[in-house]
Amino acid sequence: RVARDERRSDRRPHAARPDSALPLLPQASAREVDARAADRAACLLARLRVRHAAGANYRSHGALLELPSRLFYCSELREFADPAVTRAMAGWGELREGSFPLLFYGLRSAHMHEVDSPSYFNITEAEKLVELIEKLVGLDIGGEGNVPRRKIDTNDLAVVTPFRKQVLKVRLMLRERGLGAVRVGSVDDYQGQEELIVLVSTVLGSGAVGPTPSLAQGLMSSPNRFNVAITRAKALLLVVGDPNALFDDQYWRELLKYAVEHNAYRGCAHPLLVEGADDDDHSVSRLTQLAQQTLGFGEASRMFPAFSSFLAGGADNDYEAYDDQPWRVML
């Protein structure tokens, strides 16, 4: 019996000794694990959204889907729209590569606001928008497949901008030129909407003095609003903005890079195109240039020398943050 008990005890597994343990693999930090999990969850959610619609997009030109598909939908969006519609602007002479449906107009500019309103506007961008719309209205399109040849009218165009004051300024300028029927609205207004041609004004400029408005107020630092803004167009997307003000945002930087790579950028220099790209049009108005040269962007100590001792104590910057261009012009 003793011998049998000894044999049974030999069959029992022995506890692992410390020196026989398997080596431990490097452990990721909790922050890295959370980041990876968040990325996987976002990608999975995007795939579920796309697959729910079979990955099909029945609105936009494939080239307009490529960037948002890569940024937000794990590259699973597919073009299923009618080519006779999405290629309607292929022959427009402004397009550098003939059929690439995107143009980014880069303008050096400054955003501003009125004394009684915290909402920002950009006159330079507004003038460029109106100029582009005047060129587009009346152009012949169509004539392919079952789509009859016709002229572009105001119902084919839409302007999207993040600030309500810019909406009002653009509407006023369009009405003065008999183009008041063009739809102009904020990004939120266009959720779920679409147009043949969409023009986007980003408003924020690198030439403004004082603190930049919270980026979350506009298109920047808001992936959802960025996605909405650049996916409303069926056949042509025109972006008017200051690339140097947009460059710090990862999504707008990707759009700028996408435009440069396809020779679809025109305008001022920026970090991705240090020499800029020629634009046959004089995009910055002479009036805006003269105003900036004459009045500057706001220097309270020069305007009010009697208060120079007060302003020298550091209050000048705080004062200039609330200094307003239209109010200074009235003086």
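Calculation rules
- Residues numbered from 1 in each chain as written.
- Predicted model: local features only at pLDDT ≥ 70, side-chain atom pairs only at ≥ 80, totals over all residues.
- Heavy atoms only, no water.
- Helix = DSSP H or I, 4+ residues; strand = E, 2+ residues; numbered from the N terminus.
- Buried < 20%, exposed > 50% of the residue type's maximum accessible area, 1.4 Å probe, protein only.
- 1 Å grid on protein atoms, 1.4 Å probe; cavity = no way out; pocket = protein on both sides within 12 Å on 5 of 7 lines; lining within 4 Å.
- Points joined across faces, edges and corners; volume = space filled by probe spheres on them.
- Nonpolar A, V, L, I, M, F, W, Y, C, P; charged D, E, K, R; others polar.
- Expected span 1.5 Å × (residues − 1).
- Contact = heavy atoms within 4.5 Å.
- Axes fitted to C-alpha atoms, helices over the stretch in contact; angles between N-to-C directions.
- Parallel < 35°, antiparallel > 145°, perpendicular 65-115°, else oblique.
- Phe/Tyr/Trp six-rings, centres within 6.5 Å; stacked < 30°, edge-to-face > 60°.
- Lys NZ or Arg CZ within 6 Å of the ring centre and 35° of its normal.

**Q** Requested: an account of unusual backbone geometry, with residues and values cited.
**A** In this model, Ser 75 sits at a positive phi of 60 degrees, which is unusual for a non-glycine residue. Tracing the chain through its elements places Ser 75 in the loop between α3 (62–72) and β2 (78–79). Residue classification places Ser 75 among the partly exposed positions, given a relative accessible area of 40%. A positive phi angle is found at Asn 263, which is not glycine, with a value near 55 degrees. The topology assignment puts Asn 263 in the loop between α9 (250–261) and β10 (265–267). We classify Asn 263 as partly exposed; its relative accessible area is 36%.

**Q** Residue-level account of empty space enclosed by the protein, with values.
**A** Taken as a whole and judged by the stated rule, the model has two cavities of 30 Å³ or more. Approximately 60 Å³ is the volume found for the largest cavity. Secondary structure elements with two or more residues in the lining of the largest cavity: α3 and α9. Classifying every residue of the lining of the largest cavity gives nine nonpolar, no polar and no charged. In this structure, the second largest cavity occupies an estimated 30 Å³ of space. Lining of the second largest cavity is provided by His 61, Thr 86, Arg 87, Met 89, Ala 90, Leu 95, Ser 99, Pro 101 and Ala 235. Of the residues in the lining of the second largest cavity, the class split is five nonpolar, three polar and one charged.

**Q** Any details on helix α6 (residues 164–176)? Residues and values, ideally.
**A** Given a rise of 1.5 Å per residue, 13 residues ought to cover 18 Å, and the 19 Å separating the end C-alpha atoms of α6 matches this to within 8%. The set of residues buried in α6 consists of Lys 165, Gln 166, Val 167, Val 170, Met 173 and Leu 174. Buried positions along α6 lie against α5 (123–136), β6 (157–161), β7 (183–186) and β8 (195–201). Immediately downstream of α6, the backbone of Gly 178 shows phi near 75 degrees, a positive value.

**Q** Hey, could you go over the packing of helix α7 (residues 223–230) against α9 for me, with residue numbers and the actual values?
**A** Helix-helix packing is characterised by the crossing angle of the two axes and by the distance between the axes. Two numbers describe how α7 lies on α9: the axes approach to 10 Å, and their chain directions differ by 30 degrees. Viewed along their axes, α7 and α9 adopt a mutual orientation that is roughly parallel. In this structure, α7 uses Pro 223, Phe 226 and Ile 230 to contact α9, whose residues at the interface are Tyr 251, Trp 252 and Leu 255. A class-by-class count of the residues in the contact of α7 with α9 yields six nonpolar, no polar and no charged.

**Q** Any chance you could break down the packing of aromatic side chains for me, citing the residues and the numbers?
**A** Overall, the coordinates contain eight aromatic pairs when judged by the stated rule. Geometrically, the ring pair formed by Phe 104 and Tyr 265 is tilted, given 5.7 Å between the ring centres and 40 degrees between the ring planes. Placement of Phe 104 in strand β3 (residues 102–106) and of Tyr 265 in strand β10 is noted, with a sequence separation of 161 residues between them. Of the two residues, Phe 104 and Tyr 265, both sit in the buried class. Taken together, the ring pairs connect Phe 72, Phe 226, Tyr 251 and Trp 252 into an aromatic cluster. Positioned above the aromatic ring of Phe 121 is the side chain of Lys 169, whose terminal nitrogen or guanidinium carbon lies 4.6 Å from the ring centre. Between the NZ or CZ atom of Arg 253 and the centre of the ring of Phe 247, over which it lies, the distance is 5.6 Å.

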